[in-house]
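Notes for the structure review
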Amino acid sequence: MQVEWKKQAQREVRAVVIYGVENFGERTAVLFYQKIKLWAERLVTHPELGSPEPLLAARIRLYRSLIVSEHHKLIYYIDEQKQIIYIADLWDMRREPSRLSRRLK
């Protein structure tokens, strides 16, 4: 399997890293980014590592989530036919839960 990042997820990672640099310093932001990338790489060999995301249970696709830090989780789904794991979003768990469904259309 391989991992592909959707644009929404890329934008969110970029925004969180920029925020991290501005508020916590470059070293902390880089460590956070590396941690996210490491979890994404783990999905290649263990695609079902994340649990089904309850906030997206009504969707046709089975979205999974993987907690990657205290406040963030990766939201992804698997395309078995193409053998691709699509990372759909990096979700800040401090947000209003109902917003997640609206973000992923």
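Attention in this report is confined to the structure presented alongside it. (Residues numbered from 1 in each chain as written. Predicted model: local features only at pLDDT ≥ 70, side-chain atom pairs only at ≥ 80, totals over all residues. Heavy atoms only, no water.)

1. Looking at the packing of aromatic side chains
Put simply, the rule is: Here is the rule: rings of Phe, Tyr and Trp (six-membered ring for Trp) pair when centre to centre is within 6.5 Å. Planes less than 30 degrees apart are stacked, more than 60 are edge-to-face, and the remainder are tilted. Comment: elements are numbered from the N terminus, with helices defined as DSSP H or I runs of at least four residues and strands as E runs of at least two. Only protein chains enter the accessibility calculation, which uses a 1.4 Å probe. A residue is then buried if its area is under 20% of the maximum for its type, exposed if over 50%, and partly exposed in between. Only lysine NZ and arginine CZ atoms are considered, and such an atom sits over a ring when it is within 6 Å of the ring centre and within 35 degrees of the ring normal.
Following the criterion strictly, the structure yields 3 aromatic pairs and no others. When the centroid spacing of 6.1 Å and the interplanar angle of 70 degrees are considered together, the rings of tyrosine 19 and phenylalanine 24 count as edge-to-face. With 5.4 Å between their ring centres and 70 degrees between their planes, tyrosine 63 and tyrosine 77 make a pair best called edge-to-face. Taken together, the residues tyrosine 63 in strand E3 (residues 63-67) and tyrosine 77 in strand E4 (residues 72-79) connect sequence positions 14 residues apart. Residue classification places tyrosine 63 among the buried residues on the basis of a relative accessible area of 6%. Assessed through its relative accessible area of 7%, tyrosine 77 is described here as buried. Through successive ring pairs, a cluster of aromatic residues spans Tyr63, Tyr77 and Tyr86. Stacked on the ring of tyrosine 77, the Lys or Arg arginine 61 has its end atom at 4.1 Å from the ring centre.

2. Things to note about the nonpolar core
Taken as a class, soluble globular proteins show a tendency for nonpolar side chains to be buried jointly. The condition is simple: Among buried residues, those of type Ala, Val, Leu, Ile, Met, Phe, Trp, Tyr and Cys that are joined through side-chain atoms within 4.5 Å constitute a nonpolar core. Throughout, a residue-residue contact means that at least one pair of heavy atoms, one from each residue, lies within 4.5 Å.
Counting residues in hydrophobic clusters, the biggest one holds 15 residues, and the most contacted among them are Trp5, Ile36, Leu74, Tyr76, Ile87 and Leu90. Elements with a minimum of two residues in this core: helix H1 (7-24), helix H2 (26-45), E4 and strand E5 (84-92). Residues in contact with leucine 90, not counting those within four places in the same chain, are Ala9, Glu12, Val13, Val16, Phe32, Ile36, Val68, His72, Lys73, Leu74, Arg95 and Arg103. Grouped together as the second largest cluster of nonpolar side chains are 10 residues, Leu56, Trp91, Leu100 and Leu104 included.

3. Considering the pattern of salt bridges
Put simply, the rule reads: By convention in these notes, a salt bridge is any Lys or Arg side-chain nitrogen within 4 Å of a carboxyl oxygen on Asp or Glu.
For the structure shown, the criterion picks out 3 salt bridges. With its nearest N and O atoms 2.8 Å apart, the salt bridge here joins glutamate 53 to lysine 73. Taken together, the residues span a long stretch of sequence, with glutamate 53 in the loop between strand E2 (51-52) and E3 and lysine 73 in strand E4 at a distance of 20 residues. Salt-bridge contacts for aspartate 92 lead to arginine 94; the nearest nitrogen and oxygen are separated by 2.9 Å.

4. What to know about the packing of H1 against H2
Going by this rule: Where helices are involved, their axes are fitted lines through C-alpha atoms of the stretch in contact, as for all axes, and angles between N-to-C directions lie from 0 to 180°. Small angles under 35 degrees read as roughly parallel and large ones over 145 as roughly antiparallel, with 65 to 115 read as roughly perpendicular and the rest as oblique. By definition, turning the near helix anticlockwise from the far helix through less than a right angle yields a left-handed crossing, and turning it clockwise yields a right-handed one. All amino acids are sorted into three groups, where Ala, Val, Leu, Ile, Met, Phe, Trp, Tyr, Cys and Pro are nonpolar, Asp, Glu, Lys and Arg are charged, and the leftover types, Gly among them, are polar.
In contact at an axis separation of 7 Å, H1 and H2 are set at 155 degrees when each is read in the N-to-C sense. When the interaxial angle is binned, H1 and H2 end up roughly antiparallel. Here the hand of the crossing between H1 and H2 comes out right-handed. Judged by residue contacts, Val13, Val16, Val17, Gly20, Val21 and Phe24 of H1 engage Glu26, Thr28, Ala29, Phe32 and Tyr33 from H2. Split by residue class, the contact of H1 with H2 holds 8 nonpolar, 2 polar and 1 charged.

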